[in-house]
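Survey of secondary and tertiary structure
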Amino acid sequence: MEGTSCGALLKELQQIWAEVGESEGERNKVLLDIERECLQVYRRKVDDANRNRVQLHQSVAAKEAEVASLMATLGEHKLYLKKDKGDVSLKEQLAAVVPVLENLKCKKGERIKQFSDIRSQIEKIRFELRDYNDQGDNASSLDADEHDLSTRKLNSYQAQLRALQKDKSERLRKVLEYINEVHSLCGVLGIDFGSTVNEVHPSLHQNGIEQSRNISNSTLEGLASTISKLKAERKSRIHKMRDTMESLCQLWKLMDSPEEEKREFSKVMTILILPDEGITSPGVLSQEIIEKMEAEVERLTKLKTSRLKEIVMKRRIELEEICQNAHIEPDVSTAPEQTDALIDSGLIDPSELLANIESQILKAKEESLSRKEIMDRIYKWIAACDEEAWLEEYNQDPKRYSAGRGAHINLKRAEKARILITKIPSMVDNLINRTFAWENARNKPFLYDGGRLISVLEEYRLSRHQKEEEKRRYRDQKKLESILLAEKEAIFGSKPGPKRTSSLNRKTNGYRPNGNANGLKTPTPRRSSLGSATPELLTPRSYSGHNRYFGDLRRLSTSHLNFGDDSLSTFTSISGSEPESPSLG
């Protein structure tokens, strides 16, 4: 029956009607009812189809409108192109627009997430850059705006974020530099770093990674101001410590403090020599160290007066040792008996007295250095004179050629002594010339143990000349006696001579022929003023005790020689009165 058509059914109905005998009227009435019912069914189907078409139109239009809205929001104008409706059914149009709509919705969701991430980052950075008095002036510009999710808007936010990130990076770099500098300065000054930066902003001392530091303008200004204050404090403390250290060094030098007392402040002394920016050791400028230095200065100041006499005496002894080694007279104005009286009476500041002695020590050292070359020649001359005296004693020994122990040593020494003695005149002349040059260069006499060296040398040269004359006369007299004795023997004949006396075998104090009593010791040189055949030659060593020049010249001191007009004329007259004084023009 399902496959039966309307025509077959109508034919079957007519057959039934024919068998039944239905009239034409009844037949027409039934056919009209059937036709009416068919029309109603068609109408109902057409209405249903029409409603379905309208729904499809509405759905396509709505989705196309949503697509257009999303495209406008996302700024995507080339994602969807409408097709000609005359050629495409509504279902095809709907099938074409639905994927586009779903794609745009996904893109919108992703774009909203991107905008949200960027807004949160911008808000976080702005919060870090915000000062205390800012209450979100820029918050309205970051309100969620889902009507404009275009790439242009996204690029604008990204550019804004990059600018803020760059500003944040620069500010963070400055903040970190400031914090490091504050930390370094606080370490050097011994100041608590946490409380110092907390006064600027509490977030600067938080070590958590999730915690963000405030990098606003007020924070940067506060850090810069703090650094300026710390640098001013550092400069003030360095100046104060350098003044204190200078006083401490003066007291150490004044009181001749041992190294153990200085060792505690040696590191501070080494650091204070550096420039201000180079002082970076932790705690070196702390208030505790300053108080220690001030306490040490106060302690040494109290001990200064009680120990000053001892220090002055020690420096005076040092001065006398230098003068003694250089054979010059020390300044009598700082003699111990005078310095003690001046300190006890309070007429002079002990520090000035000590400074005066230090100045005299420095002058004495300079004087000793300038006299070194001449002093070396004086020592060589004295050694040559000692050898000459030893040779005279040696020549008087009748057993000097005996084959005893040590005789060959004395023979070698005698040969060297004879060579050295021949150089004595040239040594004296050279010494006189150099002494005159020294005196002319410094415009003052060269004193040796208080006496003028030129006078000693000139007298020595005169004495030596007299000795040579006496030797020559002695030889001439001996020759004349020999001639007279030969003539006498030729006239009267020879006579046996008297036996030699034992006086020729005497030994002087300065020479032993073959050592000591056992004959094991080499003789030591000593001059004999009584046993020699000729008068003793005067040297600086012999002048130091009894020379007649020292009676007047010993009162002269190099520190008291003030060559004014009178002194200069005296010096010129002395120089001019010396015999055979060389001209040093």
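Worth saying up front: this structure is predicted, and the values here are computed from it rather than measured.

Here's the deal with the overall build of the chain
On a plain count of helices and strands, the chain comes out with 17 helices and two strands. Across the 585 residues of the chain, 32% fall into the buried class. Of all intrachain contacts in the chain linking residues separated by at least 6 positions in sequence, the fraction that spans at least 24 positions is 77%. Summed over all atoms, the accessible surface of the chain reaches about 37,200 Å², with 52% contributed by carbon and sulfur.

What about the pattern of salt bridges?
Applying the stated criterion across every chain yields a total of 29 salt bridges. As a salt-bridge pair, D376 and K372 come within 3.2 Å of each other at their nearest N and O atoms. In this pair, D376 and K372 are both assigned in helix α11 (residues 350-395), four residues apart and thus about one turn of the helix distant. Owing to a relative accessible area of 31%, D376 belongs among the partly exposed residues under this scheme. Where E387 meets R413, a salt bridge forms, and the shortest distance between an N and an O atom there is 2.9 Å. Residue E387 is found in helix α11, and its partner R413 is found in helix α12 (residues 407-422); the two are separated by 26 residues along the sequence. In this structure, a network of salt bridges that share partners links the residues E388, E392, R464 and K467.

So, the UniProt feature "coiled-coil region" (unreviewed entry) in the chain
The sites that carry the UniProt feature "coiled-coil region" (unreviewed entry) are, in the present numbering, residues 39-66 and 147-174. Between the first and last C-alpha atoms of residues 39-66 the distance is 40 Å; the span itself is 100% helix and 0% strand.

Some thoughts on the packing of aromatic side chains
Inspection of the entire model under this criterion finds five aromatic pairs. Seen from their ring centres, W381 and Y460 are 4.9 Å apart, and the 80° between their planes marks the pair as edge-to-face. A residue pair is termed long-range when its members are at least 10 positions apart, and W381 in helix α11 and Y460 in helix α14 (residues 453-492) qualify at 79 residues. For Y460, a relative accessible area of 0% corresponds to the buried category. Sitting above the plane of the F446 ring, R371 keeps its charged end 4.0 Å from the centroid. One Lys or Arg, R413, reaches over the ring of W390 and ends 4.1 Å from the middle of that ring.

Here's the deal with helix α4 (residues 151-189)
Its 39 residues place the ends of α4 55 Å apart at the C-alpha level, agreeing with the 57 Å of an ideal helix rising 1.5 Å per residue. Those residues of α4 that sit buried are L154, Y157, L161, L164, R171, V175, I179, V182, L185, C186, V188 and L189. Downstream of α4 by a residue or two, G190 has a phi angle that is positive, lying close to 70°.

A look at the side chain of H327
Of note, H327 is situated in the loop between α9 (287-326) and α10 (336-345). The residues touching H327, leaving out its near neighbours within four places in the chain, are R371, M375, Y379, L447, Y448 and D449.

Conventions and cut-offs
Residues numbered from 1 in each chain as written. Predicted model: local features only at pLDDT ≥ 70, side-chain atom pairs only at ≥ 80, totals over all residues. Heavy atoms only, no water. Helix = DSSP H or I, 4+ residues; strand = E, 2+ residues; numbered from the N terminus. Buried < 20%, exposed > 50% of the residue type's maximum accessible area, 1.4 Å probe, protein only. Contact = heavy atoms within 4.5 Å. Areas by Shrake-Rupley, 256 points an atom, 1.4 Å probe, with all protein chains shown as cover. Salt bridge = Lys/Arg side-chain N within 4 Å of Asp/Glu carboxyl O. UniProt positions renumbered as here; feature names shortened; annotations may be inferred. Phe/Tyr/Trp six-rings, centres within 6.5 Å; stacked < 30°, edge-to-face > 60°. Lys NZ or Arg CZ within 6 Å of the ring centre and 35° of its normal. Expected span 1.5 Å × (residues − 1).

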